[in-house]
Amino acid sequence: MARVVVVGSGIAGLVAALRAAERHEVTVVTKGTIADGSTRYAQGGIAAAVFSDDSVAAHVADTLRAGAGLNVPAAVEALCGDGPRRVRELIALGVAFDRDGQGLARGLEAAHSSARVLHAGGDATGAEIERALDAAVRRAGIRVLTGAYLRDVVVTDGAASGVALRLADGTETQLDADAVILATGGWGQLYAHTTNPAIATGDGVAAAWRAGALLADLEFTQFHPTALRLPSGDGGSRVFLVSEAVRGEGAVLRNARGERFMLDAHPDAELAPRDVVARAIAVEMAAQDGLPVVLDATALGADFLARRFPTIDAACRAAGIDWSREPVPVTPAAHYAMGGVVTDIQGRTSVPGLFAVGEVACTGAQGANRLASNSLLEGLVFAHRAAEAISEPWTEVPAWAAAPGSAGSAEREVPDGDEPFDRARLQSLLWTGAGLHRDRAGLQRAARALASLRMPAPGEDANLLQLGRLVVAAALSREESRGAHFRSDFPLPAAGTPRHTVLAPLSVPTEVTVPC
Ligand code: FAD
Ligand code: SIN
């Protein structure tokens, strides 16, 4: 029996804890309350090939198409192949997915070739999953430390041997472990506008980097096309999401002249891949002096909207918008990190004993652009796989991130700047310089400005600054456009085999790409 510490209590952390606790002694640590992650805000649902007219092969093909050539095929096979079984286990655990006269209800989202997205409470899928997992963790008697902030992964003789924590009362402590599973989510709070909650400060990625782990593909931030710019009330830069499933049900996007601009932008119009829709919106907004475009759901009717999307319906009404009668103003916002801590398909990082699962990880499954509703699935599938692998022998990092001699590196420590750190300034620098459209001059400006900021004391702000510098460095190094990474100075994908951007925390700054 191993001592296992799981950091994070979203879908990835709680699933890892539940599975690991079948054989090991598990402690979950989480910096806020149990439900404080992105998971509980998930709206559209979870994708899996569970219907008889669907297939794993079709789900794989859609995931690869959206991923723009950068997906790691073995990870996609694992994601889509394990998906149906893991989703059935979620149902057995008590997750109440919506049903209709045919059985499980199914939603359609962008870039899926068929309706395969299971949802709950209409548009409250994440809240239902989080509720059911929380209840299961309590039933299993798993120890959970809330208000316990991961400061660092402790490394002894090159292997993870525990975690350094700051507890709610301000004291510092250390938990020893045979295995540490990072499930700390993404880093949307790097950006001035994000759908992510305040906890999404990239702590796990920064801690893994300091522990010596490889990171990959940090330049691929997914911008969700349709956020309603309402303050969230939970702090941070979170804005309210209007699910892609609304477009899946038939809502359309219009510019200030009332035109359906997506008809000219892509054959799949509003259901084109997310990066295409987000960039098309940005172009329209630029042409109309920054005014948001609108999402027109009026044809769907008040009853349907209230029944199918109760959370969005309530948020619109609270903002004084009756979306059954008037279109909703929407703009893109940072939503999801395709990159993160390099792992194999069992969640193993390049540091023995350290696993990473869910949004914090880069398995390569999501490629350059995640397919809608594949993220909850990723947390579910790879958390399960990591828990299974705890007692297995450690293996080398996957070949896609470990071509000998060609893995790039970046300096762990950069000379510190002397300008006082200001989170809003950092978020604005990333939004402007490393947002939907990037180019060398803008990225270099952002890099210089980030270098001039003084590193704050260890904590969320320090993690954001460390990560922000790496994101910009990765975006500068990728001189092509692919998926969510669009360089207006290199508007096409580079010829030849797509490359991952792998960052190794050494001290020699060099080129940072290796072949797939
Ligand atoms: P999270 O759920 O974010 O959990 C991270 C956990 O780590 C939290 O418990 C947090 O408190 C903890 N943590 C972080 N840092 C520390 C630290 N330093 N110390 C201790 N604990 C820490 N995906 C889909 O597939 N379908 C959808 O419909 C969908 N809708 C979405 C809607 C919104 C508004 C958002 C924001 C995301 C959506 N996504 C969706 C993406 C998906 O929800 C997330 O990618 C996924 O939930 C991430 O799960 P996770 O377990 O990896 O991380
Ligand atoms: C949404 O509901 O639009 C979000 C789905 C996702 O991020 O996969």
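As shown above, the structure is provided for reference.
Residues numbered from 1 in each chain as written. Chains lettered and ligands numbered in written order. Predicted model: local features only at pLDDT ≥ 70, side-chain atom pairs only at ≥ 80, totals over all residues. Heavy atoms only, no water.

**Digging into the environment of Thr156**
Item 1. Locating Thr156 in the fold gives a position in strand β8 (residues 149–156).
Item 2. Once the C-alpha coordinates of Thr156 and Ala211 are considered, the two residues, 55 residues apart in sequence, prove to be 10.0 Å apart.
Item 3. A distance of 2.6 Å separates polar atoms of two side chains, one belonging to Thr156 and the other to Ser161. (Helix = DSSP H or I, 4+ residues; strand = E, 2+ residues; numbered from the N terminus. Polar contact = N/O pair within 3.5 Å; in protein donor to acceptor, adjacent residues only side chain to side chain.)

**As for the state of the cysteines**
Item 1. On inspection of all chains with the given rule, the structure shows zero disulfides.
Item 2. Cysteine Cys80 is unpaired, with the sulfur of Cys362 as its nearest cysteine sulfur at 16 Å.
Item 3. Since its relative accessible area comes to 1%, Cys362 is described here as buried. (Disulfide = S-S within 2.5 Å. Buried < 20%, exposed > 50% of the residue type's maximum accessible area, 1.4 Å probe, protein only.)

**Describing the environment of Phe382**
Item 1. Take Phe382: it is sitting in helix α11 (residues 375–389).
Item 2. On a C-alpha basis, the gap between Phe382 and His266 in space is 33 Å, while along the polypeptide they are 116 residues apart.

**With respect to the site of ligand 2**
Item 1. Neighbouring residues of ligand 2: Gln43, Gly44, Glu109, His224, Leu241, Ser243, Glu244, Arg274, His335, Arg370, Ala372 and Ser373.
Item 2. At a separation of 2.6 Å, an oxygen atom of ligand 2 approaches a polar side-chain atom of Ser243.
Item 3. Coverage of ligand 2 by the protein chains reaches 92% of its 260 Å² of free accessible surface.
Item 4. Among the residues making up the shell around ligand 2, the classes are represented as two nonpolar, six polar and four charged. (Near = heavy atom within 4 Å. Areas by Shrake-Rupley, 256 points an atom, 1.4 Å probe, with all protein chains shown as cover. Nonpolar A, V, L, I, M, F, W, Y, C, P; charged D, E, K, R; others polar.)

**Some remarks on helix α13 (residues 440–451)**
Item 1. Helix length check: α13 (twelve residues) gives 16 Å between terminal C-alpha atoms against 16 Å at 1.5 Å per residue, within 8%.
Item 2. Turning to α13, its buried residues number three or more, namely Gly442, Leu443, Ala446, Ala449 and Leu450. Seen along its axis, α13 keeps its buried residues to an arc of 125°; they face one direction. In α13, the exposed residues that point more than 90 degrees away from the buried face are Arg445 and Arg448.
Item 3. On its buried side, α13 packs onto α12 (423–433) and α14 (460–477). (Expected span 1.5 Å × (residues − 1). Arc of directions from axis to C-beta. Contact = heavy atoms within 4.5 Å.)

**Comments concerning the site of ligand 1**
Item 1. Around ligand 1 lies a shell of 36 residues, among which Thr39, Gly45, Leu150, Glu359 and Ser375 are the nearest.
Item 2. At 2.9 Å, a backbone N or O of Gly44 approaches an oxygen atom of ligand 1.
Item 3. For ligand 1, an oxygen atom lies 3.4 Å from a polar atom in the backbone of Ala183.
Item 4. Protein burial of ligand 1: of its 1000 Å² of free accessible surface, 98% is covered by the chains.
Item 5. Within the residue set of the shell around ligand 1, elements represented by two or more residues are α1 (11–20), β8, β17 (328–337) and α11.
Item 6. Within the shell around ligand 1, the residues separate by chemical class into 13 nonpolar, 19 polar and four charged.

**Quick look at the sheet that holds strand β2 (residues 25–29)**
Item 1. Read from one edge to the other, the open sheet built from five strands follows the order β7-β2-β1-β11-β19, with strand pairing classed as parallel. Strands with a single pairing partner mark the edges of an open sheet, and in this sheet they are β7 (143–145) and β19 (354–356). Sheet twist, expressed as the mean angle between neighbouring strand axes with direction ignored, is 20°.
Item 2. One ladder, built from three bridges, connects strand β11 (residues 179–182) with β19; its direction is parallel. (Pairing = 2+ DSSP bridges. Axes fitted to C-alpha atoms, helices over the stretch in contact; angles between N-to-C directions.)

**Quick notes on the packing of aromatic side chains**
Item 1. Counted under the stated rule, the structure contains six aromatic pairs.
Item 2. With a centroid separation of 5.4 Å and 85° between ring planes, the pair formed by Tyr191 and Phe223 is classed as edge-to-face. Residue Tyr191 is located in the loop between β11 and α5 (203–210), and its partner Phe223 is located in strand β13 (residues 221–231); the two are separated by 32 residues in the primary sequence. When sorted by exposure, Tyr191 lands in the same class as Phe223, which is buried.
Item 3. With a centroid separation of 5.0 Å and 80° between ring planes, the pair formed by Phe355 and Trp394 is classed as edge-to-face. One end of the pair, Phe355, is in strand β19; the other, Trp394, is in the loop between α11 and α12, with 39 residues separating them in the sequence.
Item 4. According to the relative accessible area criterion, Trp394 is partly exposed, its value standing at 28%.
Item 5. Three or more aromatic residues joined by ring pairs make a cluster, and in this case those are Tyr191, Phe223 and Trp431.
Item 6. The ring centre of Tyr41 lies 4.0 Å from the NZ or CZ of Arg238, which sits over that ring.
Item 7. Geometry around Tyr336 places Arg370 over its ring, the cationic atom sitting 4.1 Å from the centre. (Phe/Tyr/Trp six-rings, centres within 6.5 Å; stacked < 30°, edge-to-face > 60°. Lys NZ or Arg CZ within 6 Å of the ring centre and 35° of its normal.)

**A word on unusual backbone geometry**
Item 1. Unlike most non-glycine residues, Asp217 shows phi in positive territory, near 60°.
Item 2. Here Asp217 shows up in the loop between β12 (215–216) and β13.
Item 3. For Ala269, which is not glycine, the phi torsion reads 45° and is therefore positive.
Item 4. Mapped onto the elements of the fold, Ala269 is located in the loop between α7 (262–265) and α8 (274–287).

Any link to function would need more than the numbers given here.
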